[in-house]
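Notes for the structure review
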Amino acid sequence: MAQIKKPSRVYDAIIVGSGAGGGMAAYVLTRAGAKVLMLEAGGWYDTAKQSKMFEWDYQAPHRGAVKPNTTFGYFDAAVGGWQIPGEPYTNAPGTDWTWFRSRMLGGRTNHWGRISLRFGPYDFKPYSRDGKGFDWPITYEDLAPYYDKTEELIGVYGSIENVENAPDGKFQPAPAPRCYELLVQKACEKLHITCIPSRHSILTRPLNGRPACHYCSQCGRSCATSSNFSSPTVLIPPAMETGNLDIICNAMVREVLTGPDGLATGVSYVDRTTRKEVQARGKVVVLAASNCETCRLLLNSRSTRHPDGLANSTGVVGRYLMDTVGADGTVGFFPVLMDLPPHNDDGTGGMHLYMPWWNYDKQFKNQMPFSRGYHIEFGGGRHMPGEGTFGGSHRYLGGGYGAELKKGCRKLFGAFVGFSSRGEMIPNDDSWCEIDKDVVDEWGIPVLKFHFKWTQDEILQARHARETFREIIETAGGEVVQTAGADENWGISRGGEIIHEVGTARMGSERSTSALNAYCQAWDCKNLFITDAAPFVSNADKNPTLTILALAWRTSEHIVDEVKKRNI
């Protein structure tokens, strides 16, 4: 029998995961004086030393093109991807789910899009509004103070707009729109589509020793100057400065350990460097491994007191898995943008304008064919050209060679704009995950099996997005050169493809229908908390990271209060 290493030290809290939820829990708990151990499945990641934001595409193999082991190109700051050797997952027959994982300190906060949108009042009470899905046990007003604190800590740019169900925040100034963005905004005005400055966690003013963004636009490579938000640059450093945080990397957590009374006593993990089993002990356990990994941990944490897995006495763990509804790849060609004189087209990584959902009133009056909404993201301009930038140019140039081809490409450079939607998925009974009883990973840990299905609400939403993209492009004087139609299900994304997966251990007001209470505390195990996206009850069209951070802050403050009251 393999020997299990059992340290004698008992931490005040053990946090599993170092991304948005884990980093925020560490930030709050250590500053409150708690001795904390953070376990990360991947290796150490130092953005200042390891970011490749200043390298040129021509310095990379194949000009930085996407390869099987680099999902978003050579420079993406992700150690992991859709498939990780030795760490499989499975899909049930008929399911097409894909799962992106990052094995590195800070997880996916190193390479996310930094779009930081608050959920609105409707998003916390969707069932009350249209009778579909479920209501959260909290309101927007409950979380608003934590949105405020989070935005002031991480730095979010935006503008005060008073748009329905798109709450304003504590913003830094937004960067000026680019040329092509102004063109699209004018078209939206004619169509009565709201188009406002976007909201990103990227600094436009210095903050807490972090410099403002220098507009290299390479946020996806992680930021060497800490000008955008990531857990290793904003949350973990101040936690470490307290002297209260220990971090162990390459710790693949197997399960949460519990005592005879059913309470959590710590976790068991595999040291990936030695392949030995180790136990860590803590008075409180916080799971923040990302929602599906957290679900796997709960379901694999079986004991006499928790025979169906931890926090799962009602069988709700694994249920109501959701992703964002995506419709990517519609591209418009705008002749008016051809052959423009050189002009300043730089800025932050990603868009400077976006379109929040604008049809709440029609939906409320049952004038739309689907429930819930989406927002529009778009991108173009003269960003640094790389592999594939001039793909399809032969349609306009008719091919060519040498100097004449270069002249033609320069003429087209910046004349194309791509459009995407990000929409709400309503939780359904056909989308869930469970432990695959026949498959384990290379660490001997049982893996997840996924079940997933879009409903007509999501498919019709994708159709509406495609039709809206066409209206915008043609109103702006452009031509649609690429899109998806009915024969392709309107190009709706695969489940998991947008990397906004949430749910599987939802919070609720009733113990009989939820895994966690309104403070993300397990009903069945009062010293177990979750601070990633697993507690989400719904998945609004807003990108989830800002809400993960705000909810994690609220949960962590509750842990501190409960410890002070000696309730845990």
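Just above, that's the structure.
Source: prediction; values computed, not measured.

1. A short note on the packing of helix α1 (residues 20-31) against helix α7 (residues 231-241)
α7 packs onto α1 with a crossing angle of 25 degrees between their chain directions and a minimal axis gap of 8 Å. Between α1 and α7, the angle is such that the two are roughly parallel. Seen from above, α1 lies across α7 with left-handed handedness. Each of Ala20, Gly23, Met24, Ala26, Tyr27 and Thr30 in α1 lies in contact with α7, whose residues at this interface are Ser231, Leu235, Pro238 and Ala239. Split by residue class, the contact of α1 with α7 holds seven nonpolar, three polar and no charged.

2. Details of empty space enclosed by the protein
Under the counting rule described, the total for this entry stands at three cavities of 30 Å³ or more. What the largest cavity holds in volume is close to 70 Å³. Along the walls of the largest cavity sit Met53, Ile202, Cys213, His214, Cys216, Ser217, Gln218, Cys219, Cys223, Ser227 and Asn228, which together make up its complete lining. Within the lining of the largest cavity, the residues separate by chemical class into six nonpolar, five polar and no charged.

3. Focus on the environment of Glu293
Relative to the assigned elements, Glu293 resides in helix α8 (residues 291-300). Glu293 gets classed as buried once you look at its relative accessible area, which sits at 7%. As a C-alpha pair, Glu293 and Arg101 span 192 residues in sequence and 9.2 Å in three-dimensional space. When sequence neighbours within four positions are dropped, the list of residues in contact with Glu293 reads Trp99, Arg101 and Arg103.

4. Observations regarding the pairing of strand β18 (residues 446-451)
Where strand β4 (residues 90-91) lies against β18, two bridges are found, and the strand directions are parallel. The residue bridging Asn91 from the neighbouring strand is Phe450, located in β18. By the bridge criterion, five bridges tie strand β17 (residues 432-440) to β18 in an arrangement that is antiparallel. In the strand pairing of β18, Ile435 is matched with Leu448.

5. Here's the deal with the layout of surface pockets
The calculated volume of the second largest pocket comes to roughly 310 Å³. Lining the second largest pocket we find 17 residues, and of these Arg129, Asp130, Gln363, Ser371 and Arg372 sit closest to its centre. The residue inventory of the lining of the second largest pocket, partitioned by class, reads six nonpolar, five polar and six charged.

6. Describing the environment of Trp99
Structurally, Trp99 is set in the loop between β4 and β5 (101-102). Taking the C-alpha atoms as reference, Trp99 lies 33 Å from Gly259; in sequence the two are 160 residues apart. When sequence neighbours within four positions are dropped, the list of residues in contact with Trp99 reads Gly81, Trp82, Tyr89, Cys292, Glu293, Leu448, Phe450 and Glu501.

7. What about α1?
The end-to-end C-alpha distance of α1 is 17 Å, a good match for the 16 Å that twelve residues give at a rise of 1.5 Å each. α1 sits mainly inside the fold: eleven of its twelve residues count as buried. Buried residues of α1: Ala20, Gly21, Gly22, Gly23, Met24, Ala25, Ala26, Tyr27, Val28, Leu29 and Thr30, and no others. Of the residues trailing α1, Gly33 is marked for its positive phi of about 100 degrees.

8. Remarks on the packing of α1 against helix α13 (residues 545-564)
Taken N-terminus to C-terminus, the directions of α1 and α13 make an angle of 35 degrees; their axes are 8 Å apart at the nearest point. Remark: the crossing between α1 and α13 carries right-handed chirality. Across from Ala20, Gly21, Met24, Ala25, Tyr27, Val28 and Leu29 in α1, the residues of α13 making contact are Thr545, Ile548, Leu549, Ala552, Trp553, Ser556, Glu557, Ile559 and Val560. Taken together, the residues of the contact of α1 with α13 break down into twelve nonpolar, three polar and one charged.

9. What about the sheet that holds β4?
If you trace the three strands from one edge of the open sheet to the other, you get β4-β18-β17, paired in mixed fashion. Sheet topology places β4 and β17 at the edges, where each strand pairs with a single neighbour.

10. Here we look at the environment of Gly329
As for its position among the elements, Gly329 is in strand β13 (residues 325-333). Once the C-alpha coordinates of Gly329 and Val417 are considered, the two residues, 88 residues apart in sequence, prove to be 9.9 Å apart. Those residues within four positions of Gly329 in sequence are excluded, and the remaining contacts are Phe419, Ser420, Arg466, Gln482 and Thr483.

11. Re the packing of aromatic side chains
What the rule picks out here adds up to 30 aromatic pairs. Between Trp97 and Phe450, the ring centres sit 5.2 Å apart and the planes meet at 25 degrees, which makes this aromatic pair stacked. Here Trp97, found in the loop between β4 and β5, pairs with Phe450, found in strand β18; they are 353 residues apart in sequence, far enough to count as distant. Under the relative-accessibility criterion, Phe450 is labelled buried at 0%. Within the aromatic cluster, the residues linked to one another by ring pairs are Tyr89, Trp97, Trp99, Phe450, Phe452 and Trp454. Here Arg319 stacks its cationic end above the ring of Trp432, 4.1 Å away from the centre of that ring. Across from the ring centre of Phe134, 4.0 Å away, lies the NZ or CZ of Arg506, which sits over that ring.

Parameters and conventions
Residues numbered from 1 in each chain as written. Predicted model: local features only at pLDDT ≥ 70, side-chain atom pairs only at ≥ 80, totals over all residues. Heavy atoms only, no water. Axes fitted to C-alpha atoms, helices over the stretch in contact; angles between N-to-C directions. Helix = DSSP H or I, 4+ residues; strand = E, 2+ residues; numbered from the N terminus. Parallel < 35°, antiparallel > 145°, perpendicular 65-115°, else oblique. Left-handed = near helix turned anticlockwise from the far one by under 90°. Contact = heavy atoms within 4.5 Å. Nonpolar A, V, L, I, M, F, W, Y, C, P; charged D, E, K, R; others polar. 1 Å grid on protein atoms, 1.4 Å probe; cavity = no way out; pocket = protein on both sides within 12 Å on 5 of 7 lines; lining within 4 Å. Points joined across faces, edges and corners; volume = space filled by probe spheres on them. Buried < 20%, exposed > 50% of the residue type's maximum accessible area, 1.4 Å probe, protein only. Pairing = 2+ DSSP bridges. Expected span 1.5 Å × (residues − 1). Phe/Tyr/Trp six-rings, centres within 6.5 Å; stacked < 30°, edge-to-face > 60°. Lys NZ or Arg CZ within 6 Å of the ring centre and 35° of its normal.

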